[in-house]
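Report on the structure
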Amino acid sequence: HLCDSLENNDLKQTLLNWMAQLLTEVQDFDLAISYLQKAKAYHPDVAYPGYIIEWYTNMGYAHYSAARLDSALLYYTQALELSEAHQLPYYKALAIANIGEIEYENGHYDKALPLLTEALDMFIETENAIGEFYTLSIMSGAYFRLGEIKKGRDYLARSELLLDSNELSAEALLRHYKRAY
């Protein structure tokens, strides 16, 4: 295994995380999760806490992508708790948005929307256009599903403005329309 031949633990965990993200995208979820479990062994305990928060986020995403929403929620909640403990607003906003998305997927729009609103405010404050875009897209879908068509369209239009003003990928566009419709 390539990672075993590396001496730098930071490089090992980075490579394993990247491989896990790629495996998640090609829907090999169990292998992605096993790579993430290996990566955790190389995360520095006392160094930058963002590493371990990213690990929880990536593990949550792998479980989310595999439609294991309950376990994804556990990982995202852990990421939120750590981001709050270390006062890391980027990771906190991401964790809140991810938890809101789980509530959205579970059809709990009344729980999802306050979380997504909080995350959106944080993404706007930190000028995180990608986070803002995804959050607006999910909120749009929630309002459409609640029958609040005007609100859904307003949030959809706001997210489309971000598409026009930022270089977001075709993948982002596809996910955007899956969320909204």
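Heads up: the structure comes first, above all this text.
Figured I'd write up the structure that's included with this text. (Residues numbered from 1 in each chain as written. Predicted model: local features only at pLDDT ≥ 70, side-chain atom pairs only at ≥ 80, totals over all residues. Heavy atoms only, no water.)

Our focus in this paragraph is the overall build of the protein. Scanning the protein from terminus to terminus reveals 10 helices and 0 strands. Taken from N to C terminus, the helices and strands of the protein fall in the order α-α-α-α-α-α-α-α-α-α. When the 181 residues of the protein are sorted by exposure, 45% land in the buried category. Long-range pairs, those at least 24 residues apart, make up 50% of the contacts in the protein between residues at least 6 apart in sequence. Element-wise, carbon and sulfur atoms account for 54% of the exposed surface of the protein, whose accessible area totals about 9800 Å². (Helix = DSSP H or I, 4+ residues; strand = E, 2+ residues; numbered from the N terminus. Buried < 20%, exposed > 50% of the residue type's maximum accessible area, 1.4 Å probe, protein only. Contact = heavy atoms within 4.5 Å. Areas by Shrake-Rupley, 256 points an atom, 1.4 Å probe, with all protein chains shown as cover.)

This brings us to the pattern of salt bridges. Using the criterion set out here, one finds 3 salt bridges in the structure. Across the pair E148 and K151 runs a salt bridge, and its minimum N-O distance is 3.8 Å. The class for E148 is partly exposed, based on a relative accessible area of 34%. Ionic pairing is found between K150 and D154, a salt bridge with its closest N-O pair at 3.2 Å. On the criterion of helical spacing, the pair formed by K150 and D154 is a turn pair, its members being 4 residues apart in helix α9 (residues 149-165). (Salt bridge = Lys/Arg side-chain N within 4 Å of Asp/Glu carboxyl O.)

Glancing now at the packing of helix α7 (residues 109-125) against helix α8 (residues 129-145). Where α7 contacts α8, the two axes come as close as 9 Å, and the packing angle between them is 155°. When the axis of α7 is compared with that of α8, the two are roughly antiparallel. Taken as a pair, α7 and α8 cross one another with a handedness that is left-handed. Between α7, through Y109, L113, L116, T117, L120, F123 and I124, and α8, the contact on the second element is made entirely by G131, E132, T135, L136, I138, M139, A142, Y143 and R145. Broken down by class, the residue content of the contact of α7 with α8 amounts to 11 nonpolar, 3 polar and 2 charged. (Axes fitted to C-alpha atoms, helices over the stretch in contact; angles between N-to-C directions. Parallel < 35°, antiparallel > 145°, perpendicular 65-115°, else oblique. Left-handed = near helix turned anticlockwise from the far one by under 90°. Nonpolar A, V, L, I, M, F, W, Y, C, P; charged D, E, K, R; others polar.)

Attention now goes to unusual backbone geometry. Even without being a glycine, A67 presents a positive backbone phi close to 65°. Residue position: A67 is located in the loop between α4 (50-65) and α5 (69-85). For Q87, which is not glycine, the phi dihedral falls at a positive 50°. Inspection of the secondary structure assignment puts Q87 in the loop between α5 and α6 (89-105).

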